[in-house]
Amino acid sequence: MSEDSERAGDAEYAAFVERCWAPQLRVATLLVGDRHRAEELLQDSLVKLYPRWRRVSRGGSPDAYLRRMLVNGRISRWRRRRREHLVAEPPDSPMPAVNVESADLLRRALRALPPRQRAIVVLRHYADLSERDVAQTLGCSVGTVKSQNARALKKLRDLLTPVDEGART
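Residues numbered from 1 in each chain as written. Predicted model: local features only at pLDDT ≥ 70, side-chain atom pairs only at ≥ 80, totals over all residues. Heavy atoms only, no water.

Considering the pattern of salt bridges
Next, step 1: Overall, the coordinates contain five salt bridges when judged by the stated rule.
Next, step 2: The partner of Arg-108 in a salt bridge is Asp-104, with the nearest N and O atoms 3.1 Å apart. Of this pair, Arg-108 and Asp-104 are both found in helix α5 (residues 100-112), four residues apart, which corresponds to roughly one turn of the helix.
Next, step 3: Assessed through its relative accessible area of 44%, Arg-108 is described here as partly exposed.
Next, step 4: Residue Asp-158 is joined to Lys-154 by a salt bridge in which the shortest nitrogen-to-oxygen separation is 3.1 Å. Taken together, the residues Asp-158 and Lys-154, both in helix α8 (residues 142-160) and four residues apart, mark about one turn of the helix. (Salt bridge = Lys/Arg side-chain N within 4 Å of Asp/Glu carboxyl O. Helix = DSSP H or I, 4+ residues; strand = E, 2+ residues; numbered from the N terminus. Buried < 20%, exposed > 50% of the residue type's maximum accessible area, 1.4 Å probe, protein only.)

A closer look at a positive patch on the surface
Next, step 1: On the surface, Lys-48, Arg-52, Arg-54, Arg-55 and Arg-58 cluster together to form a positively charged patch.
Next, step 2: Summarising the element assignment, Arg-55 is placed in helix α3 (residues 53-59). (Patch = residues over 30% accessible without salt bridge, like charges linked within 9 Å, V, L, I, M, F, W, Y side chains within 5 Å. Areas by Shrake-Rupley, 256 points an atom, 1.4 Å probe, with all protein chains shown as cover. Lys, Arg positive; Asp, Glu negative; His and termini not counted. Charge placed at Lys NZ, Arg CZ, Asp CG, Glu CD.)

Description of the nonpolar core
Soluble globular proteins: nonpolar side chains tend toward being buried together.
Next, step 1: Among the nonpolar cores identified, the biggest contains 38 residues, and Phe-16, Leu-46, Leu-49 and Leu-138 are the most heavily contacted of them.
Next, step 2: At the level of elements, α1 (3-32), α2 (35-49), α3, α4 (62-81), α5, α6 (115-126), α7 (131-138) and α8 are the ones that each hand at least two residues to this core.
Next, step 3: No other element matches α1, which puts ten residues into this core.
Next, step 4: Each residue touching Leu-46, except ones within four places of it in the same chain, is listed here: Tyr-13, Phe-16, Val-17, Trp-21 and Leu-66. (Core = buried A, V, L, I, M, F, W, Y, C linked by side-chain atoms within 4.5 Å. Contact = heavy atoms within 4.5 Å.)

Topic: the environment of Leu-66
Next, step 1: Mapping Leu-66 onto the fold places it in helix α4.
Next, step 2: On the accessibility criterion, Leu-66 (0% relative accessible area) is buried.
Next, step 3: Leu-66 has contacts with Phe-16, Cys-20, Gln-24, Leu-42, Ser-45, Leu-46 and Leu-49, leaving out every residue within four places of it along the chain.

Thoughts on the packing of α6 against α7
Next, step 1: The geometry of α6 relative to α7 is characterised by a closest axis approach of 10 Å and an angle of 135° between their N-to-C directions. Our classification of the angle between α6 and α7 gives oblique. α7 is crossed by α6, and the crossing has right-handed handedness. Between α6 and α7, the residues in contact are Arg-116, Ala-119, Ile-120, Leu-123 and Arg-124 and Glu-131, Val-134, Thr-137 and Leu-138, respectively.
Next, step 2: Residues of the contact of α6 with α7, tallied by class, amount to five nonpolar, one polar and three charged. (Axes fitted to C-alpha atoms, helices over the stretch in contact; angles between N-to-C directions. Parallel < 35°, antiparallel > 145°, perpendicular 65-115°, else oblique. Left-handed = near helix turned anticlockwise from the far one by under 90°. Nonpolar A, V, L, I, M, F, W, Y, C, P; charged D, E, K, R; others polar.)

Following this line, the structure appears as structure tokens:
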């Protein structure tokens, strides 16, 4: 491989990182629930992507490949730790929220979901991927995405719906 083509590949990769950093960081933050761990996850994934860059960039969608790496990295870390770490402060908001209290409540509810359900909800509703794209990213069937999404949304509704004080007996 010539030095010029190697430099061109590096420039292409650098442009990709610059373009995808903010949206992929938001996805990673929602996957892990903490901005600092999300930055680590994204950086680790980008480091692993670099040696594969030529093949991935020629093969189609490097954004989808990186999302898959983020999900796989999150699942691997979860398997190693098998529990979430409590933090004194809620994670930084990746974007200004209209209602900070509601956004914090939603983040806490997302963290209450199992990692796979959280990944499905984030990819499906935040990253706005189709059920087929989510299934492809996670390496599962469309039916699994549909059922896990339905379960996750039900749990989120249960967690986010205020309990009527008069209904308790």
